[in-house]
Amino acid sequence: MDIAVSYHETVTKLQGLDLPGKGPFDRLDWFALLEDPLFVQAERGGEQLILPLQVGPSGLSSLTNWFSFTWRPLGSSDLLLRAIARDLRRRTYLLDLAPVPEEDGSASRLETAFRKAGWLIFRQQCDENHVLQVEGRSFAEYWAMRPGKMRTTLKRKAKKVDVEILDRFDEAAWADYRAVYAESWKPNEERADILEAFARTEGEAGRIRLGIARAEGRPVAAQFWTVEDGAAYIHKLAHIEAAKPLSAGTTLSAALFERVIDTDRVELVDFGTGSDPYKRDWMELNRPRYRLTCLDWRQLGAWPAIGRALIRHLAPHNRPS
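Residues numbered from 1 in each chain as written. Predicted model: local features only at pLDDT ≥ 70, side-chain atom pairs only at ≥ 80, totals over all residues. Heavy atoms only, no water.

Go over the pairing of strand β3 (residues 47-55) with me, naming the residues and quoting the values.
Taken together, the 8 bridges between strand β2 (residues 37-44) and β3 define a ladder with antiparallel strand orientation. Residue pairing in the sheet places Glu 43 in a bridge with Gln 48 of β3. The hairpin turn running from β2 into β3, its antiparallel successor, is 2 residues long, and Gly 45 in that turn takes a positive phi close to 65 degrees. The pairing of β3 with strand β4 (residues 60-62) spans 3 bridges and is classified as antiparallel. (Pairing = 2+ DSSP bridges. Helix = DSSP H or I, 4+ residues; strand = E, 2+ residues; numbered from the N terminus.)

As structure tokens, this is what we get:
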């Protein structure tokens, strides 16, 4: 049976497909929020695979933005993935795929499929992902294993703020989140409208966990989490710098961890990407995220990029020890 490969610039023709999802960044409603999409679809019989891409000035890349924890193919068929990899050589000479996980084999699957389809592949770690595997512990058992300084801080400061955790989108609470973020150490959010649209969707589905800590009625810390399929995702957190002595961020984080572990009964807490040192205090496992640069050496336009990739690959910090 032949494999059909097609290209779509909106999610409209993909709606209703039963695609395997492993979190918030595998859903079509997430991809619908992003710009310049190109969905590559392969079908054979009743099986399908989607590669969500976006169009750039010199090639194609993963359909992501700064907010994405991860990116991978939607579907499990290696045969369909190889068919897409072959067909994409008619569309571009360059694909930049990141941040790709390996704990589920996605990075190796992509690398193998594109290499077998004739692409030259450069694979590098581009980020890291801190997670907590709950392993049946209660919050009290988890908390007893945290650094002593964290436990002491919570004991001394917890009563200085009031904590509210919502499982729905609330306009006033979101306004509090935005106010805290504006006075925090965080940089201005690029396309904050995408974040809000995502939060609204998660709120409608009952997946949101929006936490606000207040001191004397004023919001001083805010966090945006979601929960689904046994996993909690920590998307955004911020606290007002002037209120740092209150340790409201620690108090709010502990309250949210307690909520998702003891009430939502999650098996995994995912702190997203980034090498922030404080994440190590809360998490217990660090997983790599990879960038796959796929280049079609048969096309002349790929050669400058191949040269740059070779230089990066041969740089001292990339050489095996």
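Explain the pattern of salt bridges to me, and be specific about the residues and the numbers.
Opposite charge on two side chains permits them to pair, given that their charged atoms come into close proximity. Inspection of the entire model under this criterion finds 31 salt bridges. In this structure, Arg 109 engages Asp 78 in a salt bridge whose closest nitrogen and oxygen atoms are separated by 2.8 Å. Of this pair, Arg 109 sits in helix α3 (residues 106-116) while Asp 78 sits in helix α2 (residues 78-88), and the two are 31 residues apart along the sequence. The shortest N-O distance in the salt bridge between Glu 164 and Arg 214 comes to 2.9 Å. Taken as a pair, Glu 164 in strand β7 (residues 162-166) and Arg 214 in strand β8 (residues 208-215) lie far apart in primary sequence, 50 residues in all. Accessibility expressed as a relative area gives 33% for Glu 164, which makes it partly exposed. Within this structure, Arg 27, Asp 29, Glu 202, Arg 207 and Glu 228 form a network of salt bridges that share partners. (Salt bridge = Lys/Arg side-chain N within 4 Å of Asp/Glu carboxyl O. Buried < 20%, exposed > 50% of the residue type's maximum accessible area, 1.4 Å probe, protein only.)

Quick rundown of the sheet that holds β2? Include the residues and the values.
The strand order across the open sheet built from 12 strands is β1-β2-β3-β4-β5-β12-β6-β11-β10-β9-β8-β7, with neighbouring strands paired in mixed fashion. If you trace the sheet from one side to the other, it starts and ends with β1 (4-8) and β7, each paired once. Neighbour-to-neighbour, the strand axes of this sheet turn through a mean angle of 25 degrees, independent of strand direction. The strands that α2 touches are β1, β2, β3, β4 and β5 (94-101); relative to β3, the one it contacts most, it runs at about 40 degrees. Against the sheet, helix α10 (residues 303-314) engages β6 (120-133) and β12 (285-295), with an angle of about 55 degrees to β6. (Axes fitted to C-alpha atoms, helices over the stretch in contact; angles between N-to-C directions. Contact = heavy atoms within 4.5 Å.)

Report on the environment of Phe 169, specifying residues and quantitative values.
Summarising the element assignment, Phe 169 is placed in the loop between β7 and α6 (171-182). A sequence separation of 31 residues divides Phe 169 from Arg 200, and the C-alpha atoms of the two residues are 5.7 Å apart. Setting aside its immediate chain neighbours within four residues, Phe 169 contacts Trp 174, Glu 196, Ala 199, Arg 200, Gly 203 and Ile 208.

Outline the nonpolar core, supporting the account with residue identities and numerical values.
By size, the foremost hydrophobic cluster in this structure holds 93 residues, and its most contacted members are Leu 51, Leu 88, Leu 97, Phe 114, Phe 257 and Val 269. No other element matches the 7 residues that helix α8 (residues 248-263) contributes to this core. Among the nonpolar cores identified, the runner-up in size contains 7 residues, and Leu 94, Phe 122, Leu 295 and Ile 306 belong to it. (Core = buried A, V, L, I, M, F, W, Y, C linked by side-chain atoms within 4.5 Å.)

With reference to specific residues and values, describe helix α7 (residues 192-204).
Given a rise of 1.5 Å per residue, 13 residues ought to cover 18 Å, and the 19 Å separating the end C-alpha atoms of α7 matches this to within 8%. Listed as buried for α7 are Ile 194, Leu 195, Phe 198, Ala 199, Glu 202 and Gly 203. Elements in contact with the buried residues of α7: α1 (28-31), α6, β8, β9 (218-228) and β10 (231-239). Taken from the residues just after α7, Gly 206 is the one with a positive phi, measuring 80 degrees. (Expected span 1.5 Å × (residues − 1).)

An account of the packing of α2 against α3 is requested, with residue identities and associated values reported.
With their axes 8 Å apart at the nearest point, α2 and α3 run at an angle of 50 degrees to one another. In terms of orientation, α2 and α3 fall into the oblique class. When the axes of α2 and α3 are compared, the crossing they make is right-handed. The residues of α3 that touch α2, namely those facing Asp 78, Leu 81, Arg 82, Ala 85 and Leu 88, are Arg 109, Leu 110, Ala 113, Phe 114 and Lys 116. Its residues assigned to classes, the contact of α2 with α3 shows 6 nonpolar, no polar and 4 charged. (Parallel < 35°, antiparallel > 145°, perpendicular 65-115°, else oblique. Left-handed = near helix turned anticlockwise from the far one by under 90°. Nonpolar A, V, L, I, M, F, W, Y, C, P; charged D, E, K, R; others polar.)

Functional significance is not addressed by these values, which are geometric in nature.
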